[in-house]
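# Structural features, examined
Spelled out from the first residue to the last, the chains are:
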Amino acid sequence: MGAVGRWVTTIFLGAGPVVIVPQLVAQQPSDSALEARVNELDQQVRVLLRLRELAADSAAAAAKDKVSATASAKDGFSIKSADGKFAVRLKGLVQTDGRFFLSDSAAPATNSFFIRRARPILEATVGKYLEFRLQPDFGQGTTVLFDAYSDVKVAPEFAVRVGKFKPPVGLERLQSAGDIVFAERSLATNLVPNRDVGLQLSGDIATGTFAWQAGIFNGVPDLGNGDGDVSDAKDFAGRVFLQPFKRGILAGVGIGLAGSTGLERGTTAASALPSYRTPGQQTFFRYTTSTTTPANNAYANGRRSRLAPQAYFYTGPLGLLGEYTLSWQEVTQAATTAKLKHTAWQATGSYFLTGEKNSFRSASPKKPFDPKAGTFGAVEIAARYSELDIDDASFPTFASPTSSPTKAKAWAMGLNWYLARAIKVVVDYEHTAFDGGAAGGDREAENFVVSRVQYSF
Amino acid sequence: MRIRLAIRGWIILPVLFALAGSRGVAAQAALKPVTLLNVSYDPTRELYEDFNHQFASYWKGKTGQDVTVRQSHGGSGKQARAVIDGLEADVVTLALAYDIDQISEKGGLLPANWQTRLPNNSSPYTSTIVLLVRKGNPKRIRDWGDLAKPGISVVTPNPKTSGGARWNYLAAWGWALRQPGGNEATAKEFITRLYKNVPVLDAGARGSTTTFVERGIGDVLIAWENEALLAIKELGPGKFEVIAPSLSILAEPPVAVVDKVAAKHGTKPVAQAYLEYLYSEAGQEIAARHFYRPRLAKVADKYAAQFPKVTLFTIDEVFGGWKKANAAHFADGALFDQIYQPGR
C-alpha cells in the first residue's frame, strides 16, 4: 500500500464513526424491549436445540430396537432382532470337484467334474432357548435331507436336540463337510453312522473341558443316512470328549470315546447292512446279494455296536487328528449267523505353511488373497493314512472274496489353499491298496486326484 | 423291559451328570450372591442408589448373602412396556399403579391383586406435584391458573410415556374442576391452553428437569415434589423456587415383586425383603432424605418441615381410579390426544 492509500484509510477510519454512530443511536429500541426480544429469541434457540437433542435420542433409541441385517463369511446372511432373541441365518456350502482316476484299467471309474455338495443352510433362533437348522443337499444330482433339527439349549450344561442329525460317534464325521482337511473322509469313517433321526441330550461343562452327548436313534447301518427305520429296535449312541488343558502347548488336546449299540433286524429284501467305499467313493465291499436267489442275501440280524476312541491335537499351525473305529454286527446269510467285527483307523496331519492357527474348524487366512495388495491367503499341506480291516469271518459266506477285499489301506497327501475364509481350493492325491477282492488275488489299487473349489459362508 | 431300563439309564444318567456339573445345586444357592433388577421410573435414580446400598448391607448382615441390585430408569409407561416385552425385572417400582396393572394384565407376570400384598396400596412413600420456577419467580406464577396464561412457557413431560406427566396433567385437571363453575368442559379448555404453552414434551420426568434446569428452557416446570426439591438441593437455592399450588394430587408410586421373573431367577425371598425394607424405619428415612413423603408417622414428623403444605386430592376421589382416568384421558384417541397435537 502506497502513501496515498494509507492517507485515505486514515481519513475513513477516523471520520467513519463520526458519521455512523449517531445513526445507530437514533434506530436503537428501548433496553427493555431489546432484552425481551433477546430473551424470546434465546428461548426459541434453546427449544430448537433441545428438540434436536430429543430427536437424536429418539433416533438412537429407535436404532437400538431395529432389526439388523448382516452379511459375513462366518455367519452367512442374517436378520436379527434388536435383542438377539430372534434371528434367521442363511448359509451355504458349494463344492465343485474334478475327480480323476489314474490306472483304473481293471475296474474303470469315470473321471468327472461334478457338484459334490450344494447345501443351502437355514438356521433360526426362536426366543431365548430354541434353535433350528435345516440343511438339504442337492449335490451329485440328488436331493437328500442332511440336517433338520431343533435344539433346546437350557444351559451350556444341558441341551436337547430332536430331529435328523449326526449321531455322536465318529470324530471325522462330526467335523463339518466344509472343514475336513481332505476332500473326502478317510476309510475309518466307513464304520460310523452319517445321519440318523432321534433325540439327543448333550452338555458342555466347564466351558468345553468336558462335553457329553447321549441319544436314542432309529439306527442306521455304517455310513448310513437314514430317514426312517426298518425295525422296532432303536440304537443308543453316546460320546464323551475331554479337553483337559486350558493353557500351554497342550491346550489343543482333545480326547474322547464314543459308541453306539442297538438291535437291527433286516430282511433279505431290506438287508440293513452297509457297503463300504474307497476315498474315491467307489464301493469296494458289499455283503452277499443275489439277484437270482434273493433268499441267499445276507442281512442284519441282531446286535450292532460301535466303539470309537478318538483324539486330536492342535498347536499353532499344526493339527493332528486320529480315531480308531470298531463295528460289530450280527449277520445272517441263509442258515448261517455270525457276529462280524470290522475295524478301521486313521491318522491325519496338517500344517499351515502361512502360519495360521490350525483347529477342528476351517481356518481363516491371516491375509486373504488380494493380488493388488500382494497377499496370497493361507496354504496348508496335509497327509493321511487310514485302514479298514474286514472281519475274515465275513468270507466267503457273507461276502465274496473275489469281489470284496479283506482290507483296504490308503495314504493321501493334499494341498489346501484358503483364498479367504469363504473360499478354499483343494488338491489331493490318494492311493488305496487292497488285500484280496479280485479273482486273481488283490483288487487293483485306486489312485485318484481330486481337485475342489469350495465356497462356504 | 431291558430296553426300557436301558432308555431310563441313558436319559437319567446324563441329566444327573448335567445337574451335578451345573451351578444350580440347591445347597450352594443359599449363600450364592444374588442380583436383583429394579425397573423404576425416571426420578428415583438417587433414591434407589442410596437405598440399594443400604439394603445390601442389611441383607448381608441378616443372611450372609451378597445382593447386588441393578437399576433401570425411564418413563414409567415405557418401563412397564419393557417389562411386558421381556425385560426381566425382579421388582418394579413405578410411578403409577396403572403401569403395574398393565404388567399384570398384559404380561401375566404377577397377580391382579398385587396392590394388596404390601401396606398402603403397595406404596411405601408418596409425593405430590408442585411448580418449580426460576429464582425470584419473574413471571409471578402462584397457582395452576397462571400456567395457561399467554406468554408463559411450561415444561412437563409427555403423558403418553411418563407416569409423572400423568400425575401433572391430572393435578392440573383436578384443580380446574374444583374452581368455581368448574366442570369437564372448563377443565378441558384450561388444559388445552396449558399444553399450548408447552414447547417441549420430554419422554420422562428427568428429561423435563434437564430441559428446564440445565437447558434453561421455560418459565415453570411441573414436577414431582421430590424432583423439584432435589433440583434446589443439587443446584442451590439461589436459582430456583418451589411454588406449592393451592391444590394438588396425592401421588402414590407403587412397588411390586414381579412374581414370575423372581421365581425364575430364584430371587423371590430377597425381592420381597427388598420391598419390605422400604417400609422399615431405615427405608423411610432414605425416602425422606430424597424428598419422598414417608408413610411412617415417626419419620414423617421428623421431615415435615421440608415439605410444603398442600391440600391434596386422590385419584380415586376425582377420577374414579387409574383405570377410568387412563381410559378418559390417556388412551389412544382420548382427551390428551384431542387437546395436544404435536407440531401445533
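On a predicted model such as this, the values are computed, not experimentally measured, just so you know.

Turning our attention to the overall build of chain A. Counting secondary structure elements, chain A contains three helices and 22 strands. Out of the 457 residues in chain A, the part that is buried amounts to 44%. Within chain A, contacts between residues separated by at least 24 positions form 62% of all contacts whose residues are at least 6 apart in sequence. Only carbon and sulfur atoms are counted for the fraction: they give 63% of the accessible area of chain A, which is about 22200 Å².

Another point: the overall build of chain B. A count of helices and strands for chain B gives 17 helices and eleven strands. If you take every contact in chain B between residues at least 6 apart in sequence, the share linking residues at least 24 apart comes to 75%. Surface summary for chain B: the accessible area is close to 14900 Å², and the carbon and sulfur share equals 55%.

This paragraph deals with the sheet that holds strand β3 (residues 91–93) of chain B. All names here are of chain B. Within the open sheet, the four strands sit side by side as β2-β1-β3-β9. Their pairing is mixed. The strands lining the two open edges of the sheet, one partner per strand, are β2 (67–74) and β9 (255–257). Each strand of the sheet is rotated relative to its neighbour by a mean of 20°, with strand direction disregarded. Here strand β1 (residues 34–41) runs beside β3; their pairing, made up of three bridges, is parallel. Residue pairing in the sheet places Val 39 in a bridge with Val 92 of β3. Contacting β1, β2, β3 and β9, helix α3 (residues 45–63) crosses the sheet at an angle of about 165° to β2.

Residues and elements named next belong to chain B. All told, the structure shown has 42 aromatic pairs over all chains when counted by the stated rule. On the numbers, 5.0 Å between centres and 55° between planes, the contact of Tyr 125 with Tyr 292 is tilted. You can see Tyr 125 sitting in strand β4 (residues 125–134) and its partner Tyr 292 sitting in the loop between α13 (281–289) and β10 (293–294), a full 167 residues away along the chain. Accessibility classification places Tyr 125 together with Tyr 292 in one group, the buried group.

Atom-level detail of predicted coordinates should not be read off regions where pLDDT is low. Summing up the model confidence of chain A, the mean pLDDT is 90 and the portion of residues at 70 or higher is 93%. Counted against residues more than four places away or in other chains, residues 7–20 of chain A, with its pLDDT under 50, gives three contacts.

On to unusual backbone geometry, then. Here Phe 395 of chain A and Pro 396 of chain A are connected by a cis peptide whose omega angle stands at 0°. As for its position among the elements, Pro 396 of chain A is in the loop between β17 (378–389) and β18 (407–418). Non-glycine residue Asn 121 of chain B carries a positive phi angle of around 55°. As for its placement among the helices and strands, Asn 121 of chain B is situated in helix α6 (residues 119–122).

All names here are of chain A. Taken as a whole and judged by the stated rule, the model has 48 salt bridges over all chains. Among the ionic pairs, Arg 89 bridges to Glu 123, the shortest N-O distance being 3.2 Å. Residue Arg 89 is found in strand β3 (residues 86–102), and its partner Glu 123 is found in strand β4 (residues 112–126); the two are separated by 34 residues along the sequence. As far as the burial class goes, Arg 89 and Glu 123 line up, both buried. A salt bridge links Glu 172 to Arg 384, with the nearest nitrogen and oxygen atoms 3.4 Å apart.

So, about α3 of chain B. The end-to-end C-alpha distance of α3 of chain B, which contains 19 residues, comes to 26 Å, matching closely the 27 Å that a straight helix rising 1.5 Å per residue would cover. A positive phi of about 85° marks Gly 64 of chain B, the residue just after α3 of chain B.

Residue and element names in this part refer to chain A. Bridge count between strand β1 (residues 68–72) and strand β2 (residues 76–80): five bridges; the pairing is antiparallel. When the bridges of β2 are listed, Ser 68 appears paired with Lys 80. Here β1 folds back onto β2, and the loop between the two strands holds three residues. The sheet contact formed by β2 and β3 spans four bridges and is antiparallel. Among the inter-strand pairings, Phe 77 is bridged to a residue of β3, identified as Leu 90. In textbook terms, the turn of a hairpin is the stretch between consecutive antiparallel strands, and for β2 and β3 this stretch comprises five residues, one of which, Gly 84, has a positive phi near 75°.

Further remarks concern the side chain of Asn 326 of chain B. Note that Asn 326 of chain B resides in helix α16 (residues 322–330). In contact with Asn 326 of chain B, other than residues within four places in its own chain, are Tyr 98, Arg 166 and Ala 331 of chain B.

Membership of the largest hydrophobic core comes to 89 residues, with the highest contact counts inside it found for Val 92, Trp 144, Tyr 169, Leu 194, Tyr 195 and Trp 322 of chain B. Leu 273, Ala 344, Ala 399 and Ala 408 of chain A belong to the second largest nonpolar core, which has 23 residues in total.

To continue, consider the side chain of Thr 343 of chain A. For Thr 343 of chain A, the position within the fold is in strand β16 (residues 336–352). Contacts of Thr 343 of chain A, omitting those with residues within four sequence positions, involve Leu 191, Tyr 324, Thr 325, Leu 326, Glu 387, Leu 388 and Asp 389 of chain A.

Residues and elements named next belong to chain B. Over its 13 residues, helix α8 (residues 184–196) extends 18 Å from the first C-alpha to the last, a length consistent with the 18 Å expected when each residue adds 1.5 Å. Among the residues of α8, Ala 187, Phe 190, Ile 191, Leu 194 and Tyr 195 are the ones counted as buried. Viewed end-on, α8 has its buried residues packed into an arc of 125°, placing them on one side of the element. Seen from the open side of α8, the exposed residues pointing more than 90 degrees away from its buried face are Ala 185 and Lys 196. Contact partners of the buried residues in α8: β5 (154–155), α7 (163–177), β6 (220–224) and α17 (335–339). If you check the start of α8, you find a side-chain oxygen 2.9 Å away from the backbone N of Ala 185, and it comes from Asn 183.

All names here are of chain A. Within the secondary structure layout, Leu 102 lies in strand β3. On the basis of relative accessibility, which here comes to 38%, the residue Leu 102 falls in the partly exposed class. Between the C-alpha atoms of Leu 102 and Ala 445, which are 343 residues apart in sequence, the distance is 9.6 Å. If we skip the residues at most four places from it in the chain, Leu 102 touches Tyr 429, Asn 447 and Val 449.

Quick look at the environment of Lys 264 of chain B now. With respect to the helices and strands, the residue Lys 264 of chain B is situated in helix α11 (residues 259–265). Sequence separation between Lys 264 of chain B and Asp 90 of chain B is 174 residues, and the spatial gap between their C-alpha atoms is 9.3 Å.

A few words now on a nonpolar patch on the surface. All names here are of chain A. Side chains of Val 67, Phe 77, Ile 79, Val 88, Leu 90, Leu 122, Phe 132, Leu 134 and Leu 145 sit close together on the surface and give an oily, nonpolar patch of about 740 Å² of accessible area. Of all elements in the fold, only β2, β3 and β5 (130–137) reach the threshold of two or more residues within the nonpolar patch. You can see Leu 145 is positioned in strand β6 (residues 144–155). Overall, Leu 145 belongs to the partly exposed group, its relative accessible area being 34%.

All names here are of chain B. As a packed pair, helix α5 (residues 97–107) and α16 sit with axes 9 Å apart at the nearest point and diverge in direction by 95°. In terms of orientation, α5 lies roughly perpendicular with respect to α16. Contacts between α5 and α16 involve Ala 97, Tyr 98 and Glu 105 from the former and Trp 322, Lys 323 and Asn 326 from the latter. Within the contact of α5 with α16, the residues separate by chemical class into three nonpolar, one polar and two charged.

On to the packing of helix α4 (residues 76–84) of chain B against α5 of chain B. All names here are of chain B. One way to put it is that α4 packs onto α5 with a least axis distance of 9 Å and a crossing angle of 20°. Taken together, the axis directions place α4 and α5 in an arrangement best described as roughly parallel. In this structure, α4 meets α5 at a crossing whose hand is right-handed. The segment α4 lies against α5, with Ser 76, Gly 77, Ala 80, Val 83 and Ile 84 engaging Asp 99, Gln 102, Ile 103, Lys 106 and Gly 107. Looking at the contact of α4 with α5 residue by residue, the classes come out as four nonpolar, four polar and two charged.

Thresholds applied
Residues numbered from 1 in each chain as written. Chains lettered and ligands numbered in written order. Predicted model: local features only at pLDDT ≥ 70, side-chain atom pairs only at ≥ 80, totals over all residues. Heavy atoms only, no water. Helix = DSSP H or I, 4+ residues; strand = E, 2+ residues; numbered from the N terminus. Buried < 20%, exposed > 50% of the residue type's maximum accessible area, 1.4 Å probe, protein only. Contact = heavy atoms within 4.5 Å. Areas by Shrake-Rupley, 256 points an atom, 1.4 Å probe, with all protein chains shown as cover. Pairing = 2+ DSSP bridges. Axes fitted to C-alpha atoms, helices over the stretch in contact; angles between N-to-C directions. Phe/Tyr/Trp six-rings, centres within 6.5 Å; stacked < 30°, edge-to-face > 60°. pLDDT = per-residue confidence, 0-100. Salt bridge = Lys/Arg side-chain N within 4 Å of Asp/Glu carboxyl O. Expected span 1.5 Å × (residues − 1). Core = buried A, V, L, I, M, F, W, Y, C linked by side-chain atoms within 4.5 Å. Arc of directions from axis to C-beta. Polar contact = N/O pair within 3.5 Å; in protein donor to acceptor, adjacent residues only side chain to side chain. Patch = residues over 30% accessible without salt bridge, like charges linked within 9 Å, V, L, I, M, F, W, Y side chains within 5 Å. Parallel < 35°, antiparallel > 145°, perpendicular 65-115°, else oblique. Nonpolar A, V, L, I, M, F, W, Y, C, P; charged D, E, K, R; others polar. Left-handed = near helix turned anticlockwise from the far one by under 90°.

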